[in-house]
Each structure stands twice: as structure tokens, then as C-alpha cells.
Amino acid sequence: MDDVILNVKTLPESLNRRFRSDRVRVREENGVVTLTPIANTEHTELWGLLPKGLFTKEEYFAQKRHDKELEP
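Fair warning: this is a prediction, and the values are worked out from it, not measured in the lab.

Reading across the sheet, the 3 strands line up as β1-β2-β3 and stay open at both edges, with antiparallel pairing between neighbours. The sheet is open, and its two borders are formed by β1 (4-7) and β3 (32-38), each paired with just one other strand. Pairwise comparison of adjacent strand axes, ignoring direction, gives a mean angle of 30 degrees for this sheet. Relative to β3, strand β2 (residues 23-29) runs antiparallel, the two sharing 7 bridges. Of the residues in β3, the one forming a bridge with Arg23 is Ile38.

Next comes the structure, spelled out in C-alpha cells:
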């Protein structure tokens, strides 16, 4: 299951006016789609399982690309 982060402006008006943040996380699990507002912050760091525990968005995507390359 992958989460997707969207700009709320890309959502239909009936949905985007309900959010006070600029971005939402979209998660689909067992046929249920959940939209979760993402707080507007200066930092776009993600918590993760890397050794240092905290990594930037760029490091996260680089790791995801590396993981994809290792898949059979």
C-alpha cells in the first residue's frame, strides 16, 4: 500500500473546501479511501526506518528508487 500526497486544489471543489491545509495524504486500504490533511510546515522531512531515523523527502525517494531497482 502506497500513500499519495496531493495538492488540495486538484480535488473537486466539494472536497477541497473542507481542508484547511494545502496538501492531503490519500491512502487506500481494503477498498476504503482515506484523505488526511497534512499540516503546513516549513520542514518536509519524513520519519522512517533508516539508521538515522529521519530523512528528507529527496532521500526518501532516492531510497524508493533504489528499492525498486533491487526488486526481481
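What follows continues from the structure just given.
Glancing now at the pairing of β2. For β1 and β2, the ladder comprises 4 bridges, and the chain directions are antiparallel. Each bridged residue has a counterpart across the sheet, and for Leu6 the counterpart in β2 is Val24. The antiparallel pairing of β2 with β3 creates a hairpin that spans 2 residues between the two strands, and Asn30 there sits at a positive phi of about 55 degrees.

Definitions and cut-offs
- Residues numbered from 1 in each chain as written.
- Predicted model: local features only at pLDDT ≥ 70, side-chain atom pairs only at ≥ 80, totals over all residues.
- Heavy atoms only, no water.
- Pairing = 2+ DSSP bridges.
- Helix = DSSP H or I, 4+ residues; strand = E, 2+ residues; numbered from the N terminus.
- Axes fitted to C-alpha atoms, helices over the stretch in contact; angles between N-to-C directions.

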